[in-house]
Amino acid sequence: MSEAYDAPGGHDRTGQAEAFDAIGSAYDVAFPHKSGQLAAGRRLAEELPAGSRILDVGCGTGLPTARQLADAGHSVLGVDLSAGMLDLARVNVPPPMAEFRRVDLADLRPSGEGPGAVGQFDGIACFFALLMLPRKEIPSALRLLRSLLRPGGLLSLSMVEADLDDAAIPFLGHTIRVSGYLRDELRQVVRDAGFDIAHEESYSYAPARIDAPPEHQLFLHCRRG
């Protein structure tokens, strides 16, 4: 069993991590195309200077984002709470292409000691990671990500558009808890956290597996204000 991780406020994400440990490579089978994520990753890679330092939050299997950013010549650190996902990421994007650490988003820090002390970055990719948090934690998570960005740094963020708060849903044979916003509210939460939204895209996405429901994906390209 995975060790328990308690975020500030006492929210235990052990069950989330264990679900994704079990899902493993089935995630990439169920979500094979990821056109929106690829487009967002390409935009981030192209808008940053060559060799920029980028954090991939909720990196999962490393595909496609960590691999895409590393292939573009950037220095990539991927973090995730699922040990199983990180094992796959280290195969898909082997060192020295990228570094991967098992860290809860809530434990990331720009300085200090321990695996959560990650420094600062020119860019951050945070694709669907905030879905795993209850709404009360999302504003502070965004402010934390802002603290990890250098002045003028870029955040590429995605969420599934949904009016949900810490709701239990079936996902690839497991139960996970997810949150979401409708797009106007998401924009406001992101701006309130200190980001300027430079560009926005949306995609209707139908997973390859019938037990994963269709979703409407929102991608926001932001700059630290």
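A quick note: this is a predicted structure, and the numbers were derived from the prediction, not measured. (Residues numbered from 1 in each chain as written. Predicted model: local features only at pLDDT ≥ 70, side-chain atom pairs only at ≥ 80, totals over all residues. Heavy atoms only, no water.)

Enquirer: Even after reading the chapter, I still don't get the nonpolar core, so can you show me in this structure?
Expert: In a soluble, globular protein the nonpolar side chains are often hidden away together inside. One finds L130 and L155 to be the most contacted residues of the largest nonpolar core, which totals 60 residues. With residues near it in sequence (within four places) discarded, L155 still touches I124, C126, L142, L145, L149, F195, L220, H221 and C222. (Core = buried A, V, L, I, M, F, W, Y, C linked by side-chain atoms within 4.5 Å. Buried < 20%, exposed > 50% of the residue type's maximum accessible area, 1.4 Å probe, protein only. Contact = heavy atoms within 4.5 Å.)

Enquirer: How do you make sense of the sheet that holds strand β4 (residues 75-80) when you look at a structure like this?
Expert: Sheet strands pair via backbone hydrogen bonds, and the direction of the pair is either parallel or antiparallel. Pairing within the open sheet is mixed, and its seven strands lie in the order β5-β4-β3-β6-β7-β11-β10. Edge strands, defined here as strands with exactly one partner in the open sheet, are β5 (98-102) and β10 (195-205). Pairwise comparison of adjacent strand axes, ignoring direction, gives a mean angle of 15 degrees for this sheet. The sheet contact formed by strand β3 (residues 53-57) and strand β6 (residues 121-127) spans four bridges and is parallel. Looking at β6, one finds that V57 is bridged to C126. On top of the sheet, helix α6 (residues 138-147) reaches β3, β6, β7 (149-160), β10 and β11 (215-224); it is set at about 145 degrees to β7, its chief contact. (Pairing = 2+ DSSP bridges. Helix = DSSP H or I, 4+ residues; strand = E, 2+ residues; numbered from the N terminus. Axes fitted to C-alpha atoms, helices over the stretch in contact; angles between N-to-C directions.)

Enquirer: What is the right way to look at the pattern of salt bridges in this model?
Expert: Oppositely charged side chains can form a pair if their charged atoms are brought close together. A complete count under the given rule lists 12 salt bridges for this structure. Note that D163 and R135 form a salt bridge whose closest N and O atoms lie 2.8 Å from each other. Of this pair, D163 sits in the loop between β7 and β8 (164-171) while R135 sits in the loop between β6 and α6, and the two are 28 residues apart along the sequence. Given the relative accessible area of 18%, R135 is considered buried. The partner of R183 in a salt bridge is E161, with the nearest N and O atoms 3.1 Å apart. Here R183 is found in helix α7 (residues 183-192), whereas its partner E161 is found in the loop between β7 and β8, with 22 residues between them in sequence. In the salt-bridge network here, residues are joined through shared partners; they are E161, R183, D184, R187 and E200. (Salt bridge = Lys/Arg side-chain N within 4 Å of Asp/Glu carboxyl O.)

Enquirer: How should I be thinking about the side chain of D104 in this particular structure?
Expert: With respect to the secondary-structure elements, D104 resides in the loop between β5 and β6. A distance of 3.0 Å separates a polar atom in the side chain of D104 from the backbone nitrogen of A106. (Polar contact = N/O pair within 3.5 Å; in protein donor to acceptor, adjacent residues only side chain to side chain.)

Enquirer: How should the packing of aromatic side chains be read in this particular structure?
Expert: The geometry of two aromatic rings is summed up by the distance between their centres and the angle between their planes. What the rule picks out here adds up to three aromatic pairs. Ring geometry for F127 versus F219: centroids 5.9 Å apart, planes at 65 degrees, classification edge-to-face. Here the residue F127 occupies a position in strand β6, and F219 occupies one in strand β11, the gap between them amounting to 92 residues. Take F127: its relative accessible area is 6%, and that puts it in the buried class. Taking relative accessible area as the criterion, F219 reaches 0% and is therefore assigned buried. Every member of this aromatic cluster is reached through a ring pair, and the members are F127, F128, Y203 and F219. (Phe/Tyr/Trp six-rings, centres within 6.5 Å; stacked < 30°, edge-to-face > 60°.)

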